[in-house]
Amino acid sequence: MNKTRPSSPATTSEELDQRTLLLIRRVLCSHSPPTTPLEELLPALTSSAKVDVQLYAFIAIIARDFILSWYAEISNDHAFIDEVIALIAHCTRSLEERLRKVDLEVLLFDEVPAILDAHVRDYRRAVARHNTALTPHLTLPEIFRSYQPHPALTNPTDSERLYMKLVSNGILAILLPTEDLESGCERSLLREILSSLVFGNVLDRLSEPFMIYELIATAVRQLRPDLAPPPEPTPRRGSVKPGIRLSPPPDPPRPPPPPRSALERSFGLLSKAFSTLYSVLASFHYILLNPLPPRPNKRRPIIRTALPSFVSTLFNLRALQPWLPATLRLISKPFESRATALGALLDDLLISKIYPHLSSPKLVVGILKLARSALFPGDAPAPPRKYPSEKEKAAIRAETELVLLDAVPTAAINVWWKGMEREEMAREVGRNWLDAFGEKEINKVLVVRLIDLVIGRLLPELLESGGAEIRKQRTGPDPGFGLEKEVVECKA
C-alpha cells in the first residue's frame, strides 16, 4: 500500500478498514478462497459486525505472532486455529450476554471515577509526605502503595505474573466449555495467552506515563477536532527523490482581526446564552412529553455520582479556584434527589443525552481501535513503534500539556494563569493535571484496580469463589484440587 498517496480523512479510514480485513483474511482465512465473505468463514463473536472486525483483528495479531509462529513448524493443518476461533467465539458471546446485565451507568459514572479520584488524591498525599520526617526512607511508589495495597504488586517480579495467572484461571473456569475446561494442556495454553499477552500487555503498556499522556491527548482531540494537528503534506509520486521530503512554502501570516466593540461582544454573549437556554428548554420539553422508564429507587442521580468529584479533583479546583467546588455543590443542591421534580427532570435529561452514546457500537469500535493501535502498533506492515527515549517522553508530555491548555476556555485561563507566558501555563497544566500519572509503578496500581473492577462486574462469581473452586464445581472432584495446586500450576 502506498503511504505517500494523498487522501481525504474518509478515504484514510476506508484504507485502514481494508488493511484490517486483509490482516484477518491473511492470517485466519488463508486456506479459503479470497472471494468468500468473512461472515461465511468466521463465526460471529458479538451481535455487531463492526465490533467483530476489531475483535478478529486482535485475534489475528495474537495468532500470527504467538501461535502460528511455532505451530506452522509442526503442521500446516488449519483445524487448530479454527478450534481456537470457535472457542474464543463461545467466550465472547458469553461475555456479551454478561455485559448486557452490567449496569454501565453505575460502572462508568460512579465506580470507575471513584477509583480515578482515589488515585489522584492518594498520589498528591504521597507527594506531600515524600522526603519528609514522616516517610524519610520510602520512595514515592512505596508511600502510594501504603495507601492502596494490592496483592498483585507486593513483589514487582513475581506477584504480577502470579496474580494475572490466577485471574486468568478464574476467567477460563467460568467461560470455557466443560470439555475444554477438562483439558489441562488447552487450559494452560489459554491461560498463558490471557495472562501474558492480554493482561500482561495491558498492565505494562497502559501504566507507562507517556502512553497515558497520548491517550489523554487523543481523547481531547476527539472531543475538540479543531485541536487536531494539521495533516502532513504529501508530495506527488515521482516529484522528489526517495528519502527527500519537501515542505510547502509557509502561508503568509494572517492579519489580526479588528478588535470588537463592547456592543458586539455583549451581543455575542447574549446570542450564545439565548441559544443555550433554548436548547436546554427544548430538551426539558421533550423529556416532559416523552418520560423515560422509571429508574431503580436506590440509584443515585448522575450529579451525585463520583464523576463530578473526580473532575473537581483531577482539575485541582480546590487549589486553582477554592470557592468554585463549594459554589457548584450549593447550586446543585435542589437537583441532588430524584424525589423532587427538578432533580428527576435534570437526571432524566442527562440520561437521555448520555445513554445513546453508551449503547452505540461506535463507542466499542472506537475503544477497540484505540486499544489495538496502543497495544499492538505493529499489526500493519509498518514496523512497530520503538520505545521512546527520555527526550521523546518529555516531548510527548509537553505536547499533551499544550493540547490541554488549548482546550481550556479563555475565561478560565484569564482567572487561573493571567499574566503567564504560554510555556509557563503549559507547565502549570502538567503540574495540576498530569503529574498524578507520571510514575509507572503508581500507575500499575490504577490499572490493576480497573482490571479487577471490570472483571468483578462481568464475572461476579470470582468475587465469591476462586477459579479452582469453580472448576471443581463444573468438572467434578479431582484429587489434589484446590488453591494450592492452582498456585503451583501458575508458578510453573
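These figures come from a predicted structure and were not determined experimentally.

This part covers the pattern of salt bridges. For the structure on display, the rule yields 17 salt bridges. Where aspartate 122 meets arginine 125, a salt bridge forms, and the shortest distance between an N and an O atom there is 3.1 Å. Within this pair, aspartate 122 and its partner arginine 125 are both found in helix α5 (residues 104–129), separated by 3 residues, close to a single helical turn. Note that arginine 221 is salt-bridged to glutamate 399, the shortest N-O span being 2.9 Å. With arginine 221 in helix α10 (residues 209–223) and glutamate 399 in helix α17 (residues 390–407), this pair connects stretches of sequence that are 178 residues apart. Using a relative accessible area of 38% as the deciding quantity, one classes glutamate 399 as partly exposed. Where salt bridges share partners, they join Glu160, Glu441 and Lys444 into one cluster.

Positionally, valine 53 belongs in helix α3 (residues 49–71). In this structure valine 53 comes out as partly exposed when scored by relative accessible area, which is 25%. Measuring from C-alpha to C-alpha, the distance between valine 53 and valine 365 comes to 8.9 Å, with 312 residues separating the pair along the chain. The contacts of valine 53, once residues within four sequence positions are left out, are Thr20, Leu21 and Ile24.

Backbone geometry at asparagine 131 places phi at a positive 60°, although glycine is not the residue there. Note on placement: asparagine 131 falls in the loop between α5 and α6 (140–147).

What follows is about α17. Taking 1.5 Å per residue as the helical rise, α17 with its 18 residues ought to reach 26 Å, and the 26 Å between its terminal C-alpha atoms agrees with that figure. Every buried residue of α17 is accounted for by Lys393, Ile396, Arg397, Thr400, Glu401, Val403, Leu404 and Leu405. On its buried face, α17 sits against α10, α18 (410–416) and α19 (422–434).

A separate point is the packing of helix α7 (residues 159–175) against helix α20 (residues 440–458). Where α7 contacts α20, the axes come no closer than 12 Å and their chain directions differ by 10°. By the criterion of interaxial angle, the relationship of α7 to α20 is roughly parallel. Residues Glu160, Tyr163, Met164, Val167 and Ile171 of α7 touch α20, and the partners they reach there are Lys444, Val448, Ile451, Asp452 and Ile455. Across the contact of α7 with α20, the residue classes tally to 7 nonpolar, no polar and 3 charged.

The next point concerns the environment of alanine 319. You can see alanine 319 is positioned in helix α13 (residues 317–320). Through-space distance from the C-alpha of alanine 319 to that of asparagine 432 is 9.1 Å; in sequence the pair is 113 residues apart.

Once that is clear, we can look at the packing of aromatic side chains. A full pass over the atoms with the stated rule returns 8 aromatic pairs. Each ring, one from tryptophan 416 and one from tryptophan 433, has its centre 6.5 Å from the other, and the planes form 85°; the classification is edge-to-face. Of this pair, tryptophan 416 sits in helix α18 while tryptophan 433 sits in helix α19, and the two are 17 residues apart along the sequence. Among the aromatic residues, ring-to-ring pairing joins Phe315, Trp416, Trp417 and Trp433 into one connected group. Above the ring of tyrosine 147, the side-chain terminus of arginine 125 is found at 4.1 Å from the ring centroid.

What counts, and where the lines are drawn
Here, residues in each chain are numbered from 1, in the same order as that chain's written sequence. Note on the predicted model: pLDDT of at least 70 is required for a residue's local features to be given, and 80 or more for side-chain atom pairs to be given and counted; whole-chain, interface and lining totals, by contrast, use all residues. Side-chain measures here rest on the full set of heavy atoms in the structure, leaving out hydrogens and waters. The term salt bridge refers to a pairing of a side-chain nitrogen on Lys or Arg with a carboxyl oxygen on Asp or Glu at a separation within 4 Å. By the criteria applied, helices consist of DSSP H or I runs no shorter than four residues and strands consist of E runs no shorter than two, each listed in order from the N terminus. Partly exposed residues are those whose accessible area sits between 20% and 50% of the maximum for their type, while under 20% is buried and over 50% is exposed, using a 1.4 Å probe and protein chains only. We call two residues in contact whenever any of their non-hydrogen atoms come within 4.5 Å of each other. Take the number of residues in a helix, subtract one, and multiply by 1.5 Å to get its expected span. Each axis is a line fitted through C-alpha atoms, and for a helix only the stretch in contact is used; angles between axes span 0 to 180 degrees, taken between their N-to-C directions. If an angle is under 35 degrees, it is roughly parallel; if it is over 145, roughly antiparallel; if it lies from 65 to 115, roughly perpendicular; otherwise it is oblique. Gly falls in the polar group here, along with every residue not listed as nonpolar (Ala, Val, Leu, Ile, Met, Phe, Trp, Tyr, Cys, Pro) or charged (Asp, Glu, Lys, Arg). Ring pairs are drawn from Phe, Tyr and Trp, using the six-membered ring of Trp, whenever the two centres fall within 6.5 Å, and their geometry is named by plane angle: stacked under 30 degrees, edge-to-face over 60, tilted for the rest. In this scheme, Lys NZ or Arg CZ marks a charge over a ring once it lies within 6 Å of the ring centre and within 35 degrees of the ring normal.

The analysis is restricted to geometry; functional conclusions fall outside its scope.
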